[in-house]
Amino acid sequence: MPVIKLQHVVSFSSEDKVHKAENLLKSERYRKWKCATAGEKQASVILQLEKASVISSIDIGNESSAFIEVLVARSSDAAPEFQVLLVASSFMSPMDARQGTNLNRVRMFSTDKLSQTFAKEKWDRIKVVCTQPFNKSMQYGLAFITLHSPEEMDPKGGSSPKAALGGFQLKGDDDETDLAVGSWFAKRKEKERLSQDTSTSPAAIKGASFAATTLRTAEEKSLKPVPQVLKKEQKQPATLAERKVASPLPKPAKKPPVEQPKKPPVEQPKKAPAEKLTPKTPKPEAAKKQKVQPRFHELMKGVVFVLSGFQNPARSQIRDKALEMGAKYKGDWDRSCTHLV
């Protein structure tokens, strides 16, 4: 659908020093219009169209506005009265406005979203009203607005130029290829049929016959010298045999074999009969001497002991046992004592 050109800015409620209202007339996407101060109740701008046209669709790029409304009027009226073409539409939720997210949402409104009463009439002036009631600390406005009119057929039979959305050109209905079930296979069969038709054309037949004749002559040339080569190979063994018969060489005489004297057989000495091996019986081990255990009264023989630190009756019991085992007791220590208990 063709784009309706914007001619100039008629008026505006306020504008930022950098982001002015006239930026909406330019095609650069980074140019936008914002209100002068944050927290304004509403911001509006009135734009004049190049000519009176029927508006069939509207594309709007938001710039921090919560709601956007579009109204239309005619400049020819003495007191232009604006009519609502697009009701106030939401571009940001309260949560997005408070968090500062989704500031540049883009929405496209087709004919069914516009007022059916005024969408069929021609208008040459629009008014855009923006509001932001959820966040009083940000400036808001418009990033861009694009108006489209219905397609009009040219007198030459061609269609009107293609519509553009921002920096992109929209694809028209004529650009779409008609796809049906089996259409791809039908096209493939058509290509195969055309290739077969070209192969049966007179030029193709002539080229094929020429290629066949050249191939046949090449084969004949390659087969002709083969018999001559075979004849030469057959003649060579015959000539060699004739040469052998014509000039035989004398064979050398064989020498008589020389008889070698036979050596007398050497008698091998007879081996003596193997001696009978008698198994040696192991010598009986010497009987182990049995240890003689001493008697009880000789266990402590040669022991002279002295008791110290023991009191009766333990002292007397130890002394009596040691004496029974053959030890000697002394009351005081001297050089003859061997143990101190």
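These numbers were taken from a predicted model, which means no experiment stands behind them.

A few words now on the side chain of lysine 34. With respect to the helices and strands, lysine 34 occurs in strand β3 (residues 33-34). When near neighbours in sequence (up to four residues on either side) are disregarded, lysine 34 contacts Ser14, Glu15, Asp16, His19, Glu63, Gln139, Tyr140 and Gly141.

With that settled, the discussion passes to the sheet that holds strand β15 (residues 339-340). Strand order in the open sheet formed by 3 strands is β14-β13-β15, and the pairing between neighbours is parallel. With partners counted over all chains shown, the strands left at the sheet margins are β14 (328-329) and β15, one partner each. One ladder, built from 2 bridges, connects strand β13 (residues 304-306) with β15; its direction is parallel. Residue phenylalanine 305 lies in a different strand from β15, and its bridge partner there is histidine 339.

A few words on the packing of aromatic side chains. Scanning the model with the defined rule gives 4 aromatic pairs in all. Plain terms: the ring middles of phenylalanine 67 and phenylalanine 134 are 6.0 Å apart, the flat faces sit at 55 degrees to each other, and that makes the pair tilted. Of this pair, phenylalanine 67 sits in strand β6 (residues 67-73) while phenylalanine 134 sits in the loop between β9 (122-131) and β10 (141-148), and the two are 67 residues apart along the sequence. Ring centres 6.0 Å apart and planes at 65 degrees place the aromatic pair phenylalanine 118 and tryptophan 123 in the edge-to-face group. For the pair formed by phenylalanine 118 and tryptophan 123, the shared burial category is buried.

Attention now moves to the confidence of the model for the protein chain. Mean pLDDT over the protein chain works out to 76, with 63% of the residues at or above the 70 mark. In the model of the protein chain, helix α4 (residues 226-246) stands out as the element of lowest mean pLDDT, 51, in contrast to β6, which has the highest, 95.

With 5 of 7 residues buried, β6 lies mostly within the body of the structure. Of the strand pairs in this sheet, β6 and strand β7 (residues 83-90) are connected by 5 bridges, and their pairing is antiparallel. By the bridge assignment for β7, phenylalanine 67 is matched with serine 90. Pairing geometry for β6 and β9, over 7 bridges, is antiparallel. When the bridges of β9 are listed, glutamate 69 appears paired with valine 129.

This next bit is on unusual backbone geometry. Asparagine 312 connects to proline 313 through a cis peptide bond whose omega is 10 degrees. Looking at the secondary structure, you find proline 313 in the loop between β13 and α5 (314-324). With a phi close to 55 degrees, asparagine 102 is a non-glycine residue in the positive phi region. Within the element layout of this structure, asparagine 102 appears in the loop between α1 (94-99) and β8 (106-109). Residue classification places asparagine 102 among the partly exposed positions, given a relative accessible area of 49%.

Moving on, we get to the nonpolar core. Nonpolar side chains in soluble globular proteins tend to end up buried together. In terms of nonpolar packing, the biggest core is built from 31 residues, with Ile58, Ile60, Ile126, Leu142, Ile145 and Leu147 touching the most fellow members. Looking at this core, the elements with two or more residues in it are β4 (43-54), β5 (57-63), β6, β7, β9 and β10. Isoleucine 58 has contacts with Val70, Leu85, Arg107, Met108, Phe109, Leu114, Ile145, Thr146 and Leu147, leaving out every residue within four places of it along the chain. Core analysis: the next-biggest nonpolar cluster, separate from the first, contains 5 residues, Val303, Leu307, Ala322 and Ala327 among them.

What counts, and at which threshold
Residues numbered from 1 in each chain as written. Predicted model: local features only at pLDDT ≥ 70, side-chain atom pairs only at ≥ 80, totals over all residues. Heavy atoms only, no water. Helix = DSSP H or I, 4+ residues; strand = E, 2+ residues; numbered from the N terminus. Contact = heavy atoms within 4.5 Å. Pairing = 2+ DSSP bridges. Phe/Tyr/Trp six-rings, centres within 6.5 Å; stacked < 30°, edge-to-face > 60°. Buried < 20%, exposed > 50% of the residue type's maximum accessible area, 1.4 Å probe, protein only. pLDDT = per-residue confidence, 0-100. Core = buried A, V, L, I, M, F, W, Y, C linked by side-chain atoms within 4.5 Å.

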